[in-house]
Amino acid sequence: MNKLVKFLGWVIGILGLVILAFVSFVYLTWDKKYEAPYPEARASTDSAMIARGKYLVFGPAHCAGCHNTPERSSQVDLGMDLELIGGAEFVFEPGVLRSRNLTPDKETGIGNLTDQEVARVMRYSIGHDGRPIFPLMPFQNMSDEDVNAVISYLRSQQPVNNYIPPTEYNFMGKAILALGLIKPEGPEGTPPKRVKVEASEVYGKYLANSVANCVGCHSPRDLMSGEFIGPKFSGGLLFEESPGASFITPNLTPDPETGYIANWTEDTFVERFKTGRIYEHSPMPWGSFSRMDEVDLRALYRYLMSLDPVSNKIEKTEYMLQAAGSN
């Protein structure tokens, strides 16, 4: 009996040391810094370039909805053009992520960042201080022309002094960072100089994967690491919103039995986007997407219809209410 107690004591002691060592490792190494090249970006004062950037920011790239407070995001959703002052909070298992102030304010915004530093955030998910940024922005393969357009529009805003507290990672988030499970993501190959704006599958693919992030939400993913864990565009990603509303993204592949839009016509697709938001708490940025022009929407539809069909039945897609007090 004494030997058993002694053995258990040794086991508990060793486990304690392992846990202590791991906790120490996390707290000593989670705040990693990374390096990446600075893209040759340059903002322009050309009115056409600024207009293209504004269209992307308030339309398919939906920057304006995320980089604002919830109240201002609702106003953007209704069609208002408001400065991107930051302040939205995204609560994930790793912690609370906060969107940054993207106005050219020198104290609290991007006024003291170079165009190349802003472009590096978009292309490599690395902050100006080297910190990795959780992969919520899919702009790694955005064209050079569109990156410049976005930065041009951001520079054209009125500066707004609005301090945003840093993102807060809990222990799980810090462990993920310490273990390198969240790393900067760079482009796949060489990003295009420009992409021709036309109602084609090629342009639709660009929008879905490199601008609007359809692939990021309509694909199975591990929310702790951001990794894809199933066929892209097959749906199934769960969003739990408040109050008591949950959303599961639908399958966007043209599977005739389980594809949500497989039997839609192109005109039906365009009309749905132009209608805008139906469910109040839907995580889909309907306000921004309703601003997309027909060329972009038709390109997006044609690309989605060109995908390989994936059989993935989503029982409940757009909306379901959870009873009060349910788990």
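These notes cover the structure that comes with them. (Residues numbered from 1 in each chain as written. Predicted model: local features only at pLDDT ≥ 70, side-chain atom pairs only at ≥ 80, totals over all residues. Heavy atoms only, no water.)

Strands sit in the order β1-β2-β3 across an open sheet of three strands; the sheet is antiparallel. Each edge of the open sheet carries a strand with a single partner, namely β1 (89-92) and β3 (168-169). Two elements, strand β2 (residues 95-98) and β3, share two bridges in a ladder whose sense is antiparallel. Looking at the pairing, V96 lines up with E168 of β3. (Pairing = 2+ DSSP bridges. Helix = DSSP H or I, 4+ residues; strand = E, 2+ residues; numbered from the N terminus.)

Under the counting rule described, the total for this entry stands at 18 salt bridges. The partner of E83 in a salt bridge is R72, and the shortest N-O contact between them spans 3.6 Å. Of this pair, E83 sits in the loop between α4 (70-77) and β1 while R72 sits in helix α4; the two residues are 11 residues apart in sequence, bridging distant segments of the chain. In this structure E83 comes out as partly exposed when scored by relative accessible area, which is 26%. (Salt bridge = Lys/Arg side-chain N within 4 Å of Asp/Glu carboxyl O. Buried < 20%, exposed > 50% of the residue type's maximum accessible area, 1.4 Å probe, protein only.)

A cluster of nonpolar side chains, namely F22, F25, Y27, F171, L179 and L181, defines an oily patch on the protein surface of about 550 Å² accessible area. The biggest single contributor to the nonpolar patch is helix α1 (residues 2-29), with three residues. Residue position: L181 is located in the loop between α7 (171-178) and α8 (201-210). Since its relative accessible area comes to 46%, L181 is described here as partly exposed. (Patch = residues over 30% accessible without salt bridge, like charges linked within 9 Å, V, L, I, M, F, W, Y side chains within 5 Å. Areas by Shrake-Rupley, 256 points an atom, 1.4 Å probe, with all protein chains shown as cover.)

For the rest of this paragraph, the subject is the nonpolar core. Here is a general trend for soluble globular proteins: nonpolar side chains tend to be buried in one another's company. Grouped together as the largest cluster of nonpolar side chains are 50 residues, with contacts concentrated most on V57, L84, M142, F233 and L304. Element by element, the count of residues in this core is highest for helix α12 (residues 294-306), at six residues. Contacts of L84, omitting those with residues within four sequence positions, involve V57, F58, C63, A64, H67, N68, R100, N101, L102, T103, L154 and Q157. Counting six residues, the second largest nonpolar core, distinct from the first, contains F134, I176, L177 and I182. (Core = buried A, V, L, I, M, F, W, Y, C linked by side-chain atoms within 4.5 Å. Contact = heavy atoms within 4.5 Å.)

Of all 10 residues in helix α5 (residues 115-124), nine are buried; the element is thus mostly enclosed. Those residues of α5 not exposed but buried are D115, E117, V118, A119, R120, V121, M122, R123 and Y124. On the buried face of α5, the contacting elements are α6 (144-156). Directly after α5, the chain includes S125, whose backbone phi takes a positive value near 55°.

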